[in-house]
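Secondary and tertiary structure notes
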Amino acid sequence: MTTKLLNGNQLAKEIRKEISIKIEKNILNKKKRIPHLGIILTGTNHSSITYVKNKIKECKNIGMQSSLVHLPVGSLEKKLLEEINKMNKNPLIDGFIVQFPLEKHINQDKIILSINPKKDVDGFHPENFGKMALDIKAFFPATALAILTMLERNKIKIYGKHTVVIGRSRIVGRPISILMSKKSDIGNSTVTLTHSNTPNIEYYTKLADIIIVAVGIPGFLKGKMIKKGSIIIDVGINSINNEKKIQGDVDFQSVYGKASYLTPVPGGIGPMTRVMLLKNTLIAALNRIEK
Ligand code: NAP
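The structure contained in this document is the topic of the report that follows. (Residues numbered from 1 in each chain as written. Predicted model: local features only at pLDDT ≥ 70, side-chain atom pairs only at ≥ 80, totals over all residues. Heavy atoms only, no water.)

Description of the sheet that holds strand S1 (residues 4-5)
Reading across from one edge, S1-S11-S8-S7-S5-S6 is the order of the 6 strands in this open sheet, with parallel pairing throughout. The open sheet terminates on both sides in strands that have one partner only, identified here as S1 and strand S6 (190-194). Summarising the sheet, strand S7 (residues 210-213) and strand S8 (residues 231-234) pair through 4 bridges and their orientation is parallel. Among the inter-strand pairings, Ile 211 is bridged to a residue of S8, identified as Ile 232. Sheet contacts for helix H7 (residues 173-180): strand S5 (162-166), S6 and S7; angle to S6, the most-contacted strand, approximately 165°. (Pairing = 2+ DSSP bridges. Helix = DSSP H or I, 4+ residues; strand = E, 2+ residues; numbered from the N terminus. Contact = heavy atoms within 4.5 Å. Axes fitted to C-alpha atoms, helices over the stretch in contact; angles between N-to-C directions.)

Considering the site of the ligand
The immediate surroundings of the ligand are formed by 23 residues, with Arg 168, Ser 169, Ser 196, Val 235 and Thr 273 found nearest. Contact between the ligand and Arg 168: an oxygen atom at 2.8 Å from a main-chain N or O atom of the residue. Separating an oxygen atom of the ligand from a side-chain N or O atom of Ser 169 is a distance of 2.5 Å. Surface burial for the ligand is 69%, taken as the share of its 930 Å² of free accessible area covered by protein chains. No other element matches the 3 residues that helix H10 (residues 269-290) contributes to the shell around the ligand. Its residues placed into classes, the shell around the ligand shows 11 nonpolar, 11 polar and 1 charged. (Near = heavy atom within 4 Å. Polar contact = N/O pair within 3.5 Å; in protein donor to acceptor, adjacent residues only side chain to side chain. Areas by Shrake-Rupley, 256 points an atom, 1.4 Å probe, with all protein chains shown as cover. Nonpolar A, V, L, I, M, F, W, Y, C, P; charged D, E, K, R; others polar.)

So, the sheet that holds strand S2 (residues 36-42)
Strands belonging to one sheet form pairs held by backbone hydrogen bonds; the direction of such a pair is parallel or antiparallel. The strand order S3-S2-S4 describes an open sheet built from 3 strands, whose pairing is parallel. Edge positions in the open sheet fall to strand S3 (65-71) and strand S4 (95-98), since each of these has one partner strand only. Sheet twist, expressed as the average angle between the axes of neighbouring strands with direction ignored, equals 15°. One ladder, built from 4 bridges, connects S2 with S4; its direction is parallel. Within S4, the residue paired with Ile 40 across the bridge is Val 98.

Some points on the environment of Thr 281
The residue Thr 281 is located in helix H10 in this model. Taking the relative accessible area as the measure of exposure, Thr 281 reaches 0% and is therefore buried. Between the alpha carbons of Thr 281 and Thr 50 there is a distance of 20 Å; along the sequence they are 231 residues apart. (Buried < 20%, exposed > 50% of the residue type's maximum accessible area, 1.4 Å probe, protein only.)

Considerations on a positive patch on the surface
A surface patch of positive charge is lined by Lys 22, Lys 25, Lys 30, Lys 32 and Lys 279. By the secondary structure assignment, Lys 22 is in helix H1 (residues 8-28). Taking relative accessible area as the criterion, Lys 22 reaches 42% and is therefore assigned partly exposed. (Patch = residues over 30% accessible without salt bridge, like charges linked within 9 Å, V, L, I, M, F, W, Y side chains within 5 Å. Salt bridge = Lys/Arg side-chain N within 4 Å of Asp/Glu carboxyl O. Lys, Arg positive; Asp, Glu negative; His and termini not counted. Charge placed at Lys NZ, Arg CZ, Asp CG, Glu CD.)

Thoughts on unusual backbone geometry
Cis geometry is adopted by the peptide bond preceding Pro 101, which originates at Phe 100 and carries an omega value of 5°. Relative to the elements of secondary structure, Pro 101 occurs in the loop between S4 and helix H4 (108-114). That bond from Val 265 to Pro 266 is cis: its omega, 0°, falls within 30 degrees of zero. By the secondary structure assignment, Pro 266 is in the loop between strand S11 (261-262) and H10. Its identity is not glycine, yet Asp 135 carries a phi of approximately 65°, on the positive side. Secondary-structure assignment places Asp 135 in the loop between helix H5 (126-133) and helix H6 (142-153).

What follows is the structure, given as structure tokens:
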């Protein structure tokens, strides 16, 4: 069977253009301040530093401002909370993110709870998460939004289909399982959420029309685990060969040719996730202007 690869780079480029046009039309032409994203980074995690650099570059390319606060390894939780408080209060910052993972001595829940929900462009604060679950307008987590947009823009119907999500993390698995089952045109899928305690995952994946895999295990989903013609969304970004190469959670060789659609890694959900952060920042800026 022919497998269509869903090109995240191309779609992200189109959406960046749409955002640039909106910035020009709804912000610059009204002589308002350009959107401004704040980023708080802690420590020296190599992947986090790369992600943050890319986010800053994308802001610049699209005509958004960004500000980075980089706290050294071993910074106290109190110091991080102070920086969050400054971003919460700074009227020049429309939205901001704290780059995860954090060092072990920092309480992640406390950090998420301290972010002003109106500036929470990562959509991790319980106010945004709760609103998302209740179908109320909110910031949605970027990766979940990236997956939905990828399906929607490629005109892949999801209503009535059976989606199996593998992985139940706060940032991917849980939010996307909520959004896929939303009572709306871009939703209405029947969702099965699986995780490391699900016995015989293959039983579920073989029944699935759509599989979203976010486990962080290279090549986890094999061709023999899926039914012919299924739609496969690979969220995994796994560094291999000492971070020189990245591989997804899907075993590309065996899935390609059996699935109808597949997101490649790299070039699938990754670039789409970055652009969704810009979209959320634009929304935060428009909220400020419309206030
Ligand atoms: P995470 O927080 O580590 O969660 C992994 C999930 O996978 C957990 O729910 C875990 O189950 C489940 N899991 C682990 N082993 C499993 C197994 N053998 N069978 C079934 N489920 C299993 O990971 P994450 O943050 O969601 O990230 C997952 C992957 O996506 C990583 O490669 C990450 O780099 C990537 N990612 C990519 C993007 C992007 O923009 N493309 C964004 C975020 C993350 P338990 O809950 O039972 O432990």
